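Now for the letters of each chain:
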There are 2 protein chains.
Amino acid sequence: MAERIGLNTIILHGKPKISAYAAVGGSMEGDGQLKGKFARIFDDDTLGQDSWEKAESFLQQAAAQETLNIAGLEPKEIDLHFAGDLLGQCSASAFSARSLSIPFVGLYGACSTMALSIAIAAMSLESGFAQKALAGTSSHYCAAEKQFRQPLEYGGQRPPTAQWTATAAGACLLEEGTGQPAAGVPCVSQVHFGKLVDLGVVDANNMGAAMAPAAADTIGGFLRDTQSIVGDYDLILTGDLGSVGSDLLRQLLLNDWGVDLSDRHNDCGNMLYRADEANEINAGASGCGASAAVLCGDILSRMARAELKRVFFVGTGALLSCVSPLQGESIPAVAHGILLESR
Amino acid sequence: MAERIGLNTIILHGKPKISAYAAVGGSMEGDGQLKGKFARIFDDDTLGQDSWEKAESFLQQAAAQETLNIAGLEPKEIDLHFAGDLLGQCSASAFSARSLSIPFVGLYGACSTMALSIAIAAMSLESGFAQKALAGTSSHYCAAEKQFRQPLEYGGQRPPTAQWTATAAGACLLEEGTGQPAAGVPCVSQVHFGKLVDLGVVDANNMGAAMAPAAADTIGGFLRDTQSIVGDYDLILTGDLGSVGSDLLRQLLLNDWGVDLSDRHNDCGNMLYRADEANEINAGASGCGASAAVLCGDILSRMARAELKRVFFVGTGALLSCVSPLQGESIPAVAHGILLESR
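These figures come from a predicted structure and were not determined experimentally.

Parameters and conventions
Residues numbered from 1 in each chain as written. Chains lettered and ligands numbered in written order. Predicted model: local features only at pLDDT ≥ 70, side-chain atom pairs only at ≥ 80, totals over all residues. Heavy atoms only, no water. Contact = heavy atoms within 4.5 Å. Buried area = accessible area lost by both parts, 1.4 Å probe. Salt bridge = Lys/Arg side-chain N within 4 Å of Asp/Glu carboxyl O. Polar contact = N/O pair within 3.5 Å; in protein donor to acceptor, adjacent residues only side chain to side chain. Nonpolar A, V, L, I, M, F, W, Y, C, P; charged D, E, K, R; others polar. Helix = DSSP H or I, 4+ residues; strand = E, 2+ residues; numbered from the N terminus. Buried < 20%, exposed > 50% of the residue type's maximum accessible area, 1.4 Å probe, protein only. Phe/Tyr/Trp six-rings, centres within 6.5 Å; stacked < 30°, edge-to-face > 60°. Least-squares fit on C-alpha atoms with pLDDT ≥ 70 in both. pLDDT = per-residue confidence, 0-100.

Draft legend 1. Expanded view of the interface of chain B and chain A. Each partner contributes residues to the interface: chain B has 63 residues there, and chain A has 63 residues. The contact between chain B and chain A buries some 4900 Å² in all, and 65% of this surface belongs to carbon and sulfur atoms. Where chain B touches chain A, the interface holds six salt bridges. For the salt bridge of Asp79 of chain A with Arg4 of chain B, the shortest nitrogen-to-oxygen distance reads 3.5 Å. For the interface between chain B and chain A, the tally reads 28 residue pairs in polar contact (both at pLDDT 80 or more). When grouped by side-chain class, the residues that make up the side of chain B that touches chain A number 34 nonpolar, 18 polar and eleven charged.

Listed below in structure tokens is the structure:
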């Protein structure tokens, strides 16, 4: 069972554990800062499929399958599967889930989906709805560009504030915990679901600016609810604000909440690609797969090795649609936070 | 807390209650079989907005607001808000949720979303994640036609198997229950999440055929898990298979599970529009809003009056995307079942 504290933070007394996790990615992702940390790299961005959408489904399925392999479990041993993605009708997740045949719950949180799916999977364990739950997400650069921006063949220029949608996927297996953070196994100990925050940003090429206020609201609200300070955490990990959004987050937290992130903050958007690719990727990585890759490829392993013990992972999502910016709408954003702990 | 029984059914010991609910709709919906049962009817399908997408957001927001009004609650008194819809990036839900400012979880289950959102909201109550949760969904005929089929101006012909996307929305407020079905207040007592089922239907104008196998799998699996029979329920309510899918469901359940639905089955797709509109609407109503309107406008009230006491509500969703049928993909479907009880 869980318990609400403050305005909007939830303490999970069962401490569901993340017992297996894997990230997969494309060639550019595999050759970046996470080199050697992917369970599988696909050198061909089509993944042998005849559409970008099918390629992304295959990618998400690979992350789920690698996670199950690590856990030594068959899909039929999993009670519930939670997943979502950026494509219209969350189709990468649906077509990936079709191959697994686990009772399936589709989620939509844009780039916050890795945090959201873990949070909801953890809720399913705390409620007794599941004993084993799979959470995952994906994104694919070519599928996202085709849908949200221009066909790749058009060769459109990208402004400096734009982020690069990662071709990557991640998945986690959650199981019932022991009620305490354990050595070698990260657990989900607190959750803070975010409200939609929209300060009126209308530039769909500046997601960092659109999402930073939501991240500030969630981090500020979480610290207030838990009466804790930045120094209580080894890492406050946002994903994915990129370089522009990260700067804004620091300013907003300092101005509005009096919170200085100092050296405890990093952003998944700045942790995926190599620095010498900065000209191409502009303001950093984005897409559901970016934070999925950083979390499942790197952070959870570091927690298992006790290099990090308390990580507040804040998934950030821009809840625009393909058409809403063209209709003059501003961009509502959301940030879902989960406190991960190990010992 | 909840408990799993059989292969995939969950007993909710807390029996979260559905303490307020409301449906809103367009003029054709308001003048159909549910006449007089909508909390609000919009005679102008634009709802005063300048795009169909914004009209749908406004519709969903109206259903949520009517529900809160009935409950006498402010948005800030609600812990979590669960919603989804058919539009790309679930934008009707996001832009609706923006106005409420309740911590928001986006879901995607296509036309199963009313059942899915209630199931997940019930899970949030059983886990202690929330004491009060809002669940809702919407669809809009014009927004759906624009996205999935042809611009309305094109005047395309619809085949006899096609269903008519309802311009409607529904919302429910869930609160902690007493552990027993109560008089006058429906509760959620069991949940059965569905697997994706895909028997190879590729005709995006025949959703009933695509979804019937998923509905059969969920109803058959639920009866098996609970060792119950059709006669134990006052109503097995699917939504939305329409006339074609309902016939197929009966055949599949009889052939594959030996289950005869006899007179206990109805489908939300056949319960919304007037019979004399059959030529226009073809095989019945569909869209997230159809089952939302039937459930929140009619069924829950009948349960509150004890005309119905045990209703197994099975939301069915076709998890295709706008592009997947054009890429030759078949249509995966899902059906999520919730047992509603009153006394």
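There's plenty left to go through after this.
Draft legend 2. View of the side chain of Ser286 of chain B. Residue and element names in this part refer to chain B. Inspection of the secondary structure puts Ser286 in strand E13 (residues 285-286). A residue is classified by how much of its surface remains accessible, and Ser286, at 10% relative accessible area, is buried. Ser286 has contacts with Ser139, Gln163, Trp164, Thr165, Ala166 and Asp240, leaving out every residue within four places of it along the chain.

Draft legend 3. The arrangement of the packing of aromatic side chains in detail. The tally for this structure, following the rule as stated, stands at twelve aromatic pairs over all chains. Aromatic pair Phe193 of chain A and Phe129 of chain B: ring centres 6.3 Å apart, planes at 55°, arrangement tilted. Placement of Phe193 of chain A in the loop between strand E10 (187-192) and helix H6 (207-226) and of Phe129 of chain B in the loop between helix H4 (113-127) and strand E7 (132-139) is noted, with the two residues assigned to different chains. Judged by relative accessible area, Phe193 of chain A falls into the buried class, the value being 0%. The class for Phe129 of chain B is buried, based on a relative accessible area of 0%. Each ring, one from Phe42 of chain B and one from Phe58 of chain B, has its centre 6.1 Å from the other, and the planes form 80°; the classification is edge-to-face. Within this pair, whereas Phe42 of chain B is found in strand E4 (residues 40-42), its partner Phe58 of chain B is found in helix H2 (residues 52-71), the two being separated by 16 residues in sequence. Note on Phe42 of chain B: relative accessible area 9%, which makes it buried. Overall, the relative accessible area of 28% leaves Phe58 of chain B in the partly exposed class.

Draft legend 4. View of the environment of Phe193 of chain A. Placed 34 residues apart in sequence, Phe193 of chain A and Gln227 of chain A show a C-alpha to C-alpha distance of 17 Å. Not counting the four nearest positions on each side in its chain, Phe193 of chain A is found in contact with Asn8, Ile10, Leu116, Ala119, Ile120, Ala335 and His336 of chain A together with Leu80, Pro103, Val105 and Phe129 of chain B.

Draft legend 5. View of the relation of the copies chain B and chain A. Rotating chain B by 180° and translating it 0.0 Å along the rotation axis places it on chain A, where the RMSD comes to 0.0 Å. Such values leave the two copies arranged in the relation of a two-fold axis. Mapped onto chain A, 100% of the interface residues of chain B again fall at the interface, so both copies present the same surface.

Draft legend 6. Broad picture of the confidence of the model for chain A. When pLDDT is averaged across chain A, the result is 96; 100% of the residues are at 70 or more. Across the predicted assembly, pTM comes out at 0.98 and ipTM at 0.98.

Draft legend 7. Structural view of the pattern of salt bridges. Residues and elements named next belong to chain A. One pass over the full model with this rule turns up 38 salt bridges over all chains. With a shortest N-O distance of 3.7 Å, Arg158 and Glu145 are connected by a salt bridge. Of this pair, Arg158 sits in the loop between helix H5 (141-148) and strand E8 (164-165) while Glu145 is found in helix H5, placing the two residues 13 residues apart along the sequence. Considered together, Arg158 and Glu145 belong to a single accessibility category, that of buried residues. Linking Asp225 and Arg224 is a salt bridge whose minimum nitrogen-to-oxygen distance equals 3.0 Å. The class of Asp225 is buried, set by a relative accessible area of 8%. What you see here is one network of salt bridges that share partners, running through Lys37, Asp298, Arg302, Arg305 and Glu307.

Draft legend 8. Examining unusual backbone geometry more closely. The residue after Gly239 of chain A, namely Asp240 of chain A, is reached through a cis peptide bond having omega 10°. As for its placement among the helices and strands, Asp240 of chain A is situated in the loop between strand E11 (235-239) and helix H7 (242-257). At Leu47 of chain A, a residue that is not glycine, the phi angle is positive and equals roughly 50°. The phi angle at Ser101 of chain B is positive, at roughly 60°, despite the residue not being glycine. For Ser101 of chain B, the location among the structural elements is in the loop between helix H3 (91-100) and strand E6 (104-108). For Ser101 of chain B, a relative accessible area of 34% gives the class partly exposed.

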